[in-house]
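Architecture and fold: a report
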Amino acid sequence: MEFKVEKGGLDLGTPQPNPNEEIFYFVDFSELKNVNDLMKVLASMGFGVSNKNPYFAEIQEFVDMNRPVKMK
């Protein structure tokens, strides 16, 4: 994956030149107002943790055990 810095902002009122192009945005944490805002941002990123992580037992209660993704 390669990141290319774009100058200026994206005008959401105009269509993108290439609809198959994916645009990556960095989170501006200074815009967050409260913990709920942070939770929304983190949830949108799809974090996961391995069962081999040394701290897995400490956070297991917060892990969706019904949807594992097996790594090969």
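Note: the structure precedes this text.
The structure contained in this document is the topic of the report that follows. Residue positions are counted from 1 within each chain, in the order its sequence is given. Where local features are concerned, this predicted model is filtered to residues with pLDDT of at least 70; where side-chain atom pairs are given and counted, the filter is 80 or more; whole-chain, interface and lining totals use all residues. Only hydrogens and water are set aside when side-chain values are computed; all heavy atoms of the structure are taken into account.

Glancing now at the overall build of the chain. In this text, helices come from DSSP runs of H or I with a minimum length of four residues, and strands from runs of E with a minimum of two, each type numbered from the N-terminal end. A tally of regular secondary structure across the chain gives two helices and zero strands. Sorting the 72 residues of the chain into buried and exposed places 4% on the buried side. Accessible area for the chain stands at about 7,800 Å²; split by element, carbon and sulfur atoms hold 56% of it. Throughout, exposure labels follow a simple rule: accessible area from a 1.4 Å probe, protein chains only, divided by the maximum for the residue type, with under 20% read as buried, over 50% as exposed, and the rest as partly exposed. The accessible surface values rely on the Shrake-Rupley method and a 1.4 Å probe; as for residues, cover is taken only from the protein chains in view.

The subject of this paragraph is the layout of surface pockets. Approximately 810 Å³ is the volume found for the largest pocket. Surrounding the largest pocket, 19 residues form its lining, Phe47, Gly48, Val49, Val63 and Asp64 being those nearest its centre. Elements with a minimum of two residues in the lining of the largest pocket: helix 1 (35–44) and helix 2 (56–59). Top contributing element to the lining of the largest pocket by residue count: helix 1, with three residues. Only protein atoms enter the 1 Å grid, on which a cavity is a set of points fitting a 1.4 Å probe that cannot get out and a pocket is an open set with protein on both sides within 12 Å along at least 5 of 7 lines, lining residues being those with an atom within 4 Å of a point. Grid points are joined across faces, edges and corners, and a volume is the space filled by probe spheres set on the points.

Moving on, we get to the pattern of salt bridges. Salt bridge, as applied in this entry: a Lys or Arg side-chain nitrogen positioned within 4 Å of an Asp or Glu carboxyl oxygen. Per the counting criterion, the structure on display carries one salt bridge. The residue Asp64 makes a salt bridge to Arg67 at a minimum N-O spacing of 2.9 Å.

Another aspect to go through is the side chain of Asp37. Counting through the fold element by element, Asp37 comes out in helix 1. Note that His is not counted, nor are the chain ends; the positive residues are Lys and Arg, and the negative ones are Asp and Glu. Here Asp37 occupies a buried position and makes no salt bridge, while the nearest side chain of opposite charge, Lys40, is found at 4.6 Å. As used in this structure description, the phrase polar contact means that two N or O atoms lie within 3.5 Å; if the pair is within protein, one of them must be able to donate a hydrogen and the other to accept it, and residues adjacent in sequence are counted only when both atoms belong to side chains. For Asp37, the side chain forms a polar contact with the main-chain nitrogen of Lys33, separated by 2.8 Å.

Here the focus is a nonpolar patch on the surface. A cluster of nonpolar side chains, Val27, Phe29, Leu38, Leu42, Met45 and Phe47, forms an exposed patch at the surface whose accessible area comes to about 540 Å². Counting through the fold element by element, Val27 comes out in the segment before helix 1. Note on Val27: relative accessible area 32%, which makes it partly exposed. Residues enter patches when they are more than 30% accessible in relative terms and free of salt bridges; like-charged ones are connected within 9 Å and nonpolar ones (Val, Leu, Ile, Met, Phe, Trp, Tyr) within 5 Å.

Note that all results are geometric; they support no functional claim without further evidence.
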